[in-house]
Amino acid sequence: MLATLERGIKGGQWYSLNDKVWRMENLQSAVAKVTGNKSPRTPDGQRCQRYAAQKDRRLPCLQAQLRCGEYQPQPVHRVWIPKLESKELRPLGVPTVEDRVVQMALRHVIEPIFEQTFAEQSYGFRPGRGAKDALRRVQHLLDAGQVWVVDADIKGYFDNIPQDKLLAAVAERISDGAILELIQGFLKQGVMETGKGWQPTDNGTPQGAVISPLLANIYLNPLDHLMAGQGKEMIRYADDFVILCRSREAAEAALAAIREWTKAAGLTLHPDKTRIVNAEERGGFDFLGYHFERGFRWPREKSLAKFKEAIRAKTGRRRPGPLGDIIDDVNRTLRGWMNYFRHSHWTTFKPLDQWVRQRLRSILRKRHKLSGRARGRDHQRWPNDYFVACGLISLALVRRKAANGYSPH
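An account of the accompanying structure is given in this report. What you see is a predicted model; the values in this text were computed from it and never measured.

Let us now look at the side chain of R365. With respect to the helices and strands, R365 occurs in helix α15 (residues 349–367). Residue R365 is classed as buried on the basis of its relative accessible area of 8%. Ignoring sequence-local partners within four residues, the contact set of R365 consists of L370, S371, G372, R373, A374, R375, D378, R381 and W382.

Turning to the sheet that holds strand β3 (residues 148–153), a few remarks are in order. In space, the four strands of this open sheet follow the order β6-β7-β3-β8, with antiparallel pairing throughout. Strands with a single pairing partner mark the edges of an open sheet, and in this sheet they are β6 (233–237) and β8 (275–278). Adjacent strand axes in the sheet meet at a mean angle of 20°, parallel and antiparallel pairs treated alike. Of the strand pairs in this sheet, β3 and β8 are connected by four bridges, and their pairing is antiparallel. Bridge assignment links V149 to a residue of β8, and that residue is V277. Lying on the sheet, helix α7 (residues 131–143) is in contact with β6 and β7 (240–245); it crosses β6 at an angle near 160°. Contacts from helix α12 (residues 248–264) reach β3, β7 and β8, with the element oriented near 20° to β3.

This part is about the sheet that holds strand β1 (residues 76–82). Read from one edge to the other, the open sheet built from four strands follows the order β2-β1-β4-β5, with strand pairing classed as mixed. Of all the strands in the sheet, the pair left with one neighbour each is β2 (89–94) and β5 (197–199). The sheet shows a mean angle of 40° between the axes of neighbouring strands, direction not considered. Note that β1 and β2 share six bridges and pair antiparallel. In the strand pairing of β2, H77 is matched with V94.

On to the packing of aromatic side chains, then. Each aromatic ring pair is specified by the distance between its two centres and by the angle formed by the two planes. All told, the structure shown has 12 aromatic pairs when counted by the stated rule. For the pair F125 and Y237, a centre-to-centre distance of 5.6 Å together with 45° between the ring planes defines the contact as tilted. Remark: Y237 occurs in strand β6 and F125 occurs in the loop between α6 (97–115) and α7; sequence separation between them is 112 residues. A residue is classified by how much of its surface remains accessible, and F125, at 38% relative accessible area, is partly exposed. Centre to centre, the rings of W337 and F349 are 6.4 Å apart; their planes meet at 75°, and the pair counts as edge-to-face. Taken together, the positions of W337 in helix α14 (residues 323–341) and F349 in helix α15 put the pair 12 residues apart, joining distant regions of the chain.

A separate point is the packing of helix α3 (residues 24–35) against helix α4 (residues 43–53). Taken N-terminus to C-terminus, the directions of α3 and α4 make an angle of 155°; their axes are 9 Å apart at the nearest point. Compared by their axis directions, α3 and α4 come out roughly antiparallel. Crossing geometry of α3 relative to α4 is assigned as left-handed. Facing V31, V34 and T35 of α3, the residues of α4 in contact are C48, Y51 and A52. Of the residues assigned to the contact of α3 with α4, the class counts are five nonpolar, one polar and no charged.

Before going further, it helps to examine unusual backbone geometry. Unusually for a residue other than glycine, A238 sits at a positive phi of about 60°. Within the secondary structure, A238 is located in the loop between β6 and β7. Its relative accessible area of 6% is what places A238 among the buried residues. Despite not being glycine, R294 shows a phi value in the positive range, around 50°. Inspection of the secondary structure puts R294 in the loop between β10 (290–293) and β11 (296–299). We classify R294 as partly exposed; its relative accessible area is 36%.

Bringing the pairing of β7 into the picture now. Of all the six residues making up β7, five are buried; the element is thus mostly covered by neighbouring parts of the structure. Bridge analysis of β6 against β7 gives five bridges, and the strand direction is antiparallel. Among the inter-strand pairings, I235 is bridged to a residue of β7, identified as V242. Remark: two residues form the turn of the hairpin made by β6 and β7, two consecutive strands paired antiparallel; A238 in that turn has positive phi of roughly 60°.

Further remarks concern the packing of α3 against α6. Viewed as axis vectors pointing N to C, α3 and α6 meet at an angle of 120°, and their least axial separation amounts to 8 Å. Considering the angle they form, α3 stands oblique to α6. Our pair here, α3 against α6, has a crossing hand that is right-handed. Side by side, α3 and α6 meet where N26, L27, S29, A30, V31, K33, V34 and T35 of the first sit next to V97, R100, V101, M104, A105, H108 and V109 of the second.

Now for the pattern of salt bridges. Tallied over the full model, the rule gives 19 salt bridges. Here D19 makes a salt bridge to K20, at a shortest N to O gap of 3.7 Å. Assessed through its relative accessible area of 28%, K20 is described here as partly exposed. R275 is the salt-bridge partner of D151, the closest N and O atoms lying 3.5 Å from each other. Separated by 124 residues along the polypeptide, D151 in strand β3 and R275 in strand β8 bring together distant segments of the chain. Look at D151 and you get buried, because its relative accessible area is 10%. Counted as one network, the salt bridges with shared partners bring together K38, D44, R47 and R100.

Reading guide: rules and limits
Residues numbered from 1 in each chain as written. Predicted model: local features only at pLDDT ≥ 70, side-chain atom pairs only at ≥ 80, totals over all residues. Heavy atoms only, no water. Helix = DSSP H or I, 4+ residues; strand = E, 2+ residues; numbered from the N terminus. Buried < 20%, exposed > 50% of the residue type's maximum accessible area, 1.4 Å probe, protein only. Contact = heavy atoms within 4.5 Å. Pairing = 2+ DSSP bridges. Axes fitted to C-alpha atoms, helices over the stretch in contact; angles between N-to-C directions. Phe/Tyr/Trp six-rings, centres within 6.5 Å; stacked < 30°, edge-to-face > 60°. Parallel < 35°, antiparallel > 145°, perpendicular 65-115°, else oblique. Left-handed = near helix turned anticlockwise from the far one by under 90°. Nonpolar A, V, L, I, M, F, W, Y, C, P; charged D, E, K, R; others polar. Salt bridge = Lys/Arg side-chain N within 4 Å of Asp/Glu carboxyl O.

Dropping the structure here:
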């Protein structure tokens with residue numbers, strides 16, 4: 001199959017793929033990816049671990065079902081999770097573990113086929129690419145003077161993809177009826193929601209499904225090539241994308257082309273979240289967690305709120321245990337956050353360091369039978385050097401070292 005990908009296939013159509021999906025080695029690899037690194041502290045992690053432990057018994061049965069075309073996807077369990085700093089809730093589809101295994105096995109087979117067709121400016125959920133690559137490209141274009149930005153948002157993209165058109169896009173490359181039927185089964189599996197029972201899914205592909213990011217990229221791939229063919233600098237990560245232009249007129253032309261394409265594709269641009277901005281002026285734009293404005297970038301407000309929410313969860317005033325253990329736990333969040341946001345403007349980090357230390361001082365204050373959060377003389381009782389000695393990471397120090405050529409730890 002890899003050799004065929006290299007030399008190309010006649011007509012660009014793949015006719016015999018199902019045997020590669022149910023191949024036992026592929027199913028075993030899919031189990032390892034789906035169940036690996038799942039925390040046993042969560043119900044889903046426990047289900048994944050049970051499936052992995054039972055794979056020698058379950059996979060032969062699964063293989064037989066796939067081989068005979070008898071596999072039936074189960075309804076997705078729908079849960080609603082809060083949107084950060086919003087009263088709205090976002091639907092999340094949680095497939096069964098076995099459905100995720102089958103989707104991963106399917107993805108292993110069809111992803112390389114579509115990777116051959118994906119455009120250069122698509123970065124989301126693709127092998128060897130990621131958000132940092134997209135951000136580097138955005139910064140490069142801004143530095144080159146392409147500061148007029150189409151900041152676009154497709155309204156409810158994953159939930160509103162027309163399934164018939166999505167299947168047609170898949171069928172442009174794949175003619176194996178068993179594969180198309182399997183994908184259609186996942187699109188039509190419906191959702192189970194507490195108190196509402198089973199509901200059909202006539203549009204979209206569930207967020208949370210293993211196969212959904214690939215299907216989402218397949219459907220937007222023609223838009224990527226349309227923009228590239230018109231010479232537009234589009235950077236896309238899943239359904240989040242911006243187009244950088246040298247003039248407002250060019251940005252308006254790009255937005256008009258996007259509106260026309262999305263309408264034909266059965267999608268809608270969000271009227272309040274789609275706009276044209278000049279990145280050199282106050283206001284700027286957000287992309288992949290960063291805010292870009294007047295030649296600088298820093299974490300957008302929602303990114304800061306999410307960071308503080310994670311730290312608050314680890315630094316409640318009544319949290320028990322040694323301070324060193326608490327700091328180790330906090331450091332894990334600081335390292336992960338800093339790894340992504342270390343390219344922010346230098347003024348970002350000192351206030352966050354101060355805030356984290358205040359949270360820790362409040363824990364110590366409580367342990368000394370003092371009420372309220374840290375203030376006043378608490379800075380003398382537990383100076384900054386005290387937390388350095390305890391091993392607390394300083395974001396400002398890491399940023400300074402990174403600017404001087406050192407890698408953050």
